[in-house]
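Next come the chains, spelled out residue by residue.
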Amino acid sequence: MSRSLPLFGFLLLVALFGFGIWWNTRHDPNEVPSPLINKPAPAFVLPLLDDPAQTVSKAGLLGKPYLLNVFASWCFACGEEHPTLMAEGSQLGVMLIGYDYKDAPDDAKNWLREHGNPYRMVVADRPGRTAIDFGVYGAPESFLIDAKGVIRYKHIGPITPEVIAKELKPAIAALQKESP
Amino acid sequence: MTPELGQLALILALLLALAQGVLPLIGAWRGNRALMATARPAAAGQAVFVAIAFGILVWAFVHFDFSVRYVADNSNLALPWYYRVAAVWGAHEGSLLLWILILNAWTVALAAFSHKLPEVFAARVLAVMGLVAVGFLVFILFTSDPFGRLLPMPVDGADLNPVLQDPGMTFHPPVLYMGYVGFSVAFAFSIAGLLGAEMEQAWVRWARPWTNAAWGFLTAGIVAGSWWAYAELGWGGWWFWDPVENASFMPWLVGLALIHAQAVTEKRGSLRAWTILLSIFAFSLSLLGTFLVRSGVLTSVHAFAADPRRGVFILAFLTIVVGGSLLLYALRAPKVAGGKPFNVLSRETVLLIGNLLFAVASAMVLLGTLFPLIGDALNLGKISVGPPYFGFLFPLLMLPVVLLMPFGPYLRWGKGEAAPLKGLLLRITVAAVACAIIAAFFVDGRLKAAVGVAAAVWIAAGTLLFAYKRWREAPRGRRYPAELAGMLLAHLGMAVFVAGVLLSETLSVTSDVRMAPGQVQHIGGYDFRFDGAHRTTGPNWTADQGVVVVTRDGNKVGTMLPQKRTYLRGQVQTESAIDAGFSRDLYVALGEPMNAGNIQGAWSLRLYYKPFIRWIWGGGLLMMLGGFTAAADKRFRIKRSADEVARTDGLLAQEARA
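Quantities reported herein were computed from a predicted structural model and do not represent experimental measurements.

## Quick notes on the overall build of chain B
Consideration 1: Assigned secondary structure in chain B consists of 20 helices and ten strands.
Consideration 2: Considering chain B as a whole, with its 658 residues, one finds that 50% of them fall into the buried category.
Consideration 3: Taking all contacts inside chain B whose residues are at least 6 apart in sequence as the whole, residues at least 24 apart take part in 75%.

Now the structure itself:
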């Protein structure tokens, strides 16, 4: 009996691989869906970068959709993304809110001064604890949150003009259709 | 016309492989010498036709025959000749052809050196190799034809993936495949042994150098791959626990276990079933590696092709080969534990513990690699376990290995003595602790680095003390037979590797900075001055090349020229500048131009100071050298004794009667 164990173990693997092939013919393997999509965004209260005495909370932002863009001054890819946000951020049709992630406030302020500030407001999450609730893998990441505080779309990695045209714009259009 | 000849050559090779796989088996079963004798000529003929096919593909690349789809997809007029040759294995179809070519090379070598083996056994071994070749030739002919035409013929081709345009990547696949395919020899021996329901110690001895050599090649392939990832991906890392890396690492771990298990079986006759099982696993994991990379079941930065048809084929092939072998194992594995008995305190015990740890580590890597797939299967969503899982469990499993390593050579077979171990324990403990304390001053008391030094000294001191003991006790000329020398080299390699990993992981300094021309960054005792970037061109790319002058205490260390290349087809590739050194690497990668306000010519740069990182590959190369040295031992070249000939004849007569 014990000599057949390797065989059974292997057959289990075969079943798993067979499943994997079947699964991949039906799904796009590159898509990493967030478990938070179509779920309420986690509640948060975060200080403003420019004025830490003032805080912004999820409740305070209810009523209007917004795009939360996670960035940091230390983040390489955020530099790639930034020109796109500068150019197109104001024409998105939703409020663009910066989410400064695990960053020293002065570095972030300098960075925004150097590269320009596309954000309506910037919240700061220096310890990165709220980011864990959002399931942030790393910067940059962007969350589209609707008027009811539900996450509708998420993008991992730099936002490019292509992403805006193909994914973000349709997602925003869908929001606007719902709430006239 | 020529490419069609290549296809024809592959079809002929398939027919010969079928002959090589089937006829000798029937011959061995029916006791027919003429049929058994077909194995060698069939193997040679198959190798000739596969070599012709391979040559034709190389020729098509060298002469820009863009009417061949594979050539058009993977090369263009501007690609230098050496990368055009390397482009042969730059994508799926060609690398499969390379796999088959290497399999044939091993088979021919096996055919040439197996004349001293019993006839029946050699016939079975070559037949198993033939059957493996059949599987791969069917695969290439039916799903991955490298000679398919492209009409109309394009004027110029696409490009070889720029990530692969690097010397490290040129050597990585062939060497890795030498390792993968090399395990087919041990596999064929085990299957032949199971078919004949016997596993003679002498045959294990004969299989050992092949396993050692295969493991040496695999080590070299992994080192080349790791070096390539370090130099080319621009992240400064040397291992990412990526599914494709894991695919080569699992057979390496099992191969490592197999090398040691074979030593036990050959010298003492014990652990026979385990040795057979490990040789099946080592080759199965090599096939699985090919499967994981080629089928698109797991996505990875290395993934070449995601074609479900290929995936289904490889899965079927894998099921037949591995399932069939394991079924044979279940039916025919040696039922009684053979060999000489051994005590708890003996070399066998230590080797067995090491073996189990390597096997468990390999299973752990397999589980981690397949976890995303399991997540999909059980509908848990996309999960990836990543470095935190591997980085925690792997060192945990290897810790006992490191601790036990110095004692293995000191213990006798069968029954070891405790007394010499105590002296050894005392000496290596003192050496390790003393070195760790000294090192602690240099590394600012960082624990992990000091532990790294202690572990490395622990292994190295134990190994060197054993070498000294041999020097003192063994007679001149017989002090270091190749097998022993190989072991010493590989164990020292492990010490160097451990030191490299732990020191570079703890002491590395990384800095992502924006630098304007003339600005200086201070990292790890070095001053990096950015002198701006300019345009430069190569044979098939243009690049922005940064100039970074490195000084230490005012003395110039060197000028580093990191590039950001744009290849003809628009793919962008960073080319890091590396100033290599014995005790540290300096590493600069060029990021993006970052002009802001009135500062012109500023760039983002990634600067690294990586102490002792070169020791990681140095250790790997020592291990490889150890594998090759041990493989060269004269003792493994058995003579065919008179009674074995008589036994074969008797067996033949007996089967002929039946």
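## What about the domain arrangement of chain A?
Consideration 1: Once the domains are mapped, chain A shows domain 1 (1-31) and domain 2 (34-178).
Consideration 2: The distance between the C-alpha centroids of domain 1 of chain A and domain 2 of chain A comes to 39 Å.

## Let's talk about the pairing of strand S6 (residues 563-567) of chain B
Residue and element names in this part refer to chain B.
Consideration 1: The buried fraction of S6 amounts to four of the five residues, a majority that puts the element mostly inside the structure.
Consideration 2: In the sheet, strand S4 (residues 541-552) pairs with S6 via five bridges, with the strands oriented antiparallel. When the bridges of S6 are listed, aspartate 544 appears paired with lysine 564.
Consideration 3: As consecutive antiparallel partners, S6 and strand S7 (residues 572-575) are separated by four residues, and within that stretch glycine 570 has a phi angle of approximately 90°, a positive value.

## A word on the packing of helix H3 (residues 39-62) of chain B against helix H7 (residues 119-143) of chain B
Residues and elements named next belong to chain B.
Consideration 1: In contact at an axis separation of 10 Å, H3 and H7 are set at 30° when each is read in the N-to-C sense. In terms of orientation, H3 lies roughly parallel with respect to H7. H7 is crossed by H3, and the crossing has left-handed handedness. On H7, the residues that touch Ala39, Arg40, Ala42, Ala43 and Gln46 of H3 are Ala123, Leu126, Ala127, Gly130 and Ala133.
Consideration 2: Per-class residue counts for the contact of H3 with H7 are seven nonpolar, two polar and one charged.

## Focus: the environment of Thr84(A)
Residue and element names in this part refer to chain A.
Consideration 1: By the element assignment, threonine 84 lies in helix H3 (residues 76-88).
Consideration 2: The exposure class of threonine 84 is partly exposed, given the 17 C-beta atoms found within 10 Å.
Consideration 3: Taking C-alpha positions, threonine 84 is 25 Å from glycine 128, a pair spaced 44 residues apart along the chain.
Consideration 4: If we skip the residues at most four places from it in the chain, threonine 84 touches Ile159, Thr160 and Pro161.

## A short note on the sheet that holds strand S9 (residues 584-593) of chain B
Residue and element names in this part refer to chain B.
Consideration 1: The strand order across the open sheet formed by four strands is S1-S10-S9-S8, and the pairing between neighbours is antiparallel. Every other strand in the sheet has two partners, leaving strand S1 (509-515) and strand S8 (577-579) as the edge strands with one partner each. For this sheet, the mean angle separating the axes of adjacent strands, direction not counted, is 15°.
Consideration 2: Pairing between S9 and strand S10 (residues 603-611): eight bridges, direction antiparallel. Residue proline 593 lies in a different strand from S10, and its bridge partner there is tryptophan 603.

## Overview of helix H10 (residues 243-268) of chain B
All names here are of chain B.
Consideration 1: End to end, H10 covers 37 Å across 26 residues, agreeing with the expected 38 Å (1.5 Å per residue, within 8%).
Consideration 2: Counting buried positions along H10 yields 23 of 26 residues, so the element is predominantly enclosed.
Consideration 3: The positive-phi residue at the C-terminal boundary of H10 is glycine 269, with phi of around 80°.

## Some thoughts on the environment of Leu12(B)
Consideration 1: Residue placement: Leu12(B) occurs in helix H1 (residues 2-30).
Consideration 2: Overall, Leu12(B) belongs to the partly exposed group, with 18 C-beta atoms counted inside 10 Å.

## Focus: the sheet that holds strand S3 (residues 66-71) of chain A
All names here are of chain A.
Consideration 1: An order of S5-S4-S3-S6-S7 is seen for the five strands of this open sheet, with the pairing classed as mixed. The sheet terminates laterally at strand S5 (121-125) and strand S7 (151-156), the two strands that pair on one side only. Averaged over all adjacent pairs, the angle separating strand axes in this sheet is 20°, with direction ignored.
Consideration 2: Of the strands in this sheet, strand S6 (141-145) and S7 touch helix H6 (residues 161-178), which is tilted by about 170° from S7.

Conventions used here
- Each chain carries its own residue numbering, running from 1 in the written order of its sequence.
- Lettering for chains starts from A, numbering for ligands starts from 1, and both go in the order in which the items are written.
- Side-chain atom pairs in this predicted model are given and counted only at pLDDT of 80 or more, local residue features only at pLDDT of at least 70, and totals for whole chains, interfaces and linings cover all residues.
- Counting from the N terminus, the helices are the DSSP runs of H or I reaching at least four residues and the strands are the DSSP runs of E reaching at least two.
- Any residue with 12 or fewer other C-beta atoms within 10 Å of its own C-beta is exposed, any with 20 or more is buried, and the rest are partly exposed; the C-beta atoms used are placed from the backbone.
- Residues are scored as being in contact if the C-beta atoms we place from backbone atoms lie within 7 Å.
- Residue ranges labeled as domains rest on an automatic or database domain assignment.
- In this scheme, strands are said to pair when DSSP sees at least two bridges between them.
- A fitted line through C-alpha atoms serves as each axis, taken over the contacting stretch for helices, and the angle formed by two N-to-C directions is quoted from 0 to 180°.
- Oblique is the label for any angle not under 35 degrees, not over 145, and not in the 65 to 115 range, which are roughly parallel, roughly antiparallel and roughly perpendicular in turn.
- Should the near helix be turned anticlockwise from the far one by less than a right angle, the crossing is termed left-handed; should it be turned clockwise, right-handed.
- Note on residue classes: Ala, Val, Leu, Ile, Met, Phe, Trp, Tyr, Cys and Pro are nonpolar, Asp, Glu, Lys and Arg are charged, and everything else, Gly too, is polar.
- Multiplying 1.5 Å by the helix residue count minus one yields the expected span of that helix.

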